[in-house]
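# Results of the structural survey
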Amino acid sequence: QVQLVESGGGLVQPGGSLRLSCAASGSIFSINAMGWYRQAPGKQRELVATVTSGDSTTFANSVKDRFTISRDNAKNTVYLQINSLKPEDTAVYYCNVRVRLRGTFYDVDSWGQGRQVTVSS
């Protein structure tokens, strides 16, 4: 099984910064991709940023100039640095990890429980 431990988030004023982290553990053979999604009140979950095992990154257009995603392979951890926050960034941010389980030949997605990010003046 795969477990995800998320940390970070909180309340910040517009223009401020936050960092989220997500550490994966369990029966992992390899990690193919890690990333963050978010869901704002009354809206569907959307992709924020992802990074693959080959270090290819993807960002939502609304965040690509302000957010940075990185990973620490030794710790199976992904980070999301969030700068120049706007009120519309307010959402619950969920970690997502796509892993190859030990003893299998297929991948599975695991999800964290989410971290609240609130941007308010």
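Below or above, wherever it landed, is the structure these notes cover. Since we're looking at a predicted model, the values are computed, not measured.

Take the nonpolar core next. Core analysis: the largest hydrophobic core is formed by 31 residues, its most contacted members being Trp-36, Leu-80, Tyr-93 and Val-97. For this core, the secondary structure elements donating two or more residues are strand E1 (2-8), strand E3 (18-26), strand E4 (28-39), strand E5 (46-52), strand E7 (67-72), strand E8 (77-82), strand E9 (91-101) and strand E11 (115-119). Ranked by residue count, the leading element in this core is E9, at six residues. When neighbours within four sequence positions are excluded, Tyr-93 is seen to be in contact with Glu-6, Leu-20, Trp-36, Tyr-37, Arg-38, Val-48, Phe-67, Leu-80, Ile-82, Gly-114, Arg-115 and Val-117.

What follows concerns the environment of Val-78. Looking at where Val-78 falls in the secondary structure, it is placed in strand E8. Separated by 23 residues in the primary sequence, Val-78 and Leu-101 place their C-alpha atoms 18 Å from one another. The contact partners of Val-78, leaving out residues within four places of it in the chain, are Leu-20, Ser-21, Cys-22, Met-34, Trp-36, Val-51, Ile-69, Ser-70, Arg-71 and Cys-95.

What follows covers unusual backbone geometry. Residue Asp-55 is not a glycine yet carries a positive backbone phi of 70°. Mapped onto the elements, Asp-55 comes out in the loop between E5 and strand E6 (57-59). Of note in the backbone geometry, Ser-84 takes a positive phi value of approximately 50° without being a glycine. The class of Ser-84 is partly exposed, set by a relative accessible area of 39%.

Moving on, we come to the pairing of E9. Looking at chain direction, E4 and E9 are connected through ten bridges and run antiparallel. Along E9, the bridge assignment pairs Met-34 with Val-97. Pairing geometry for E9 and E11, over three bridges, is antiparallel. By the bridge assignment, Val-92 is partnered in E11 with Gln-116. In this structure, E9 lies alongside strand E10 (residues 107-111), joined through five bridges in antiparallel fashion. Directly across from Arg-100, in E10, lies its bridge partner Asp-107. Hairpin geometry of E9 and E10 is characterised by an intervening segment of five residues between the two adjacent antiparallel strands and by a positive phi of about 80° at Gly-103.

Reading the values: rules and limits
- Residues numbered from 1 in each chain as written.
- Predicted model: local features only at pLDDT ≥ 70, side-chain atom pairs only at ≥ 80, totals over all residues.
- Heavy atoms only, no water.
- Core = buried A, V, L, I, M, F, W, Y, C linked by side-chain atoms within 4.5 Å.
- Buried < 20%, exposed > 50% of the residue type's maximum accessible area, 1.4 Å probe, protein only.
- Helix = DSSP H or I, 4+ residues; strand = E, 2+ residues; numbered from the N terminus.
- Contact = heavy atoms within 4.5 Å.
- Pairing = 2+ DSSP bridges.

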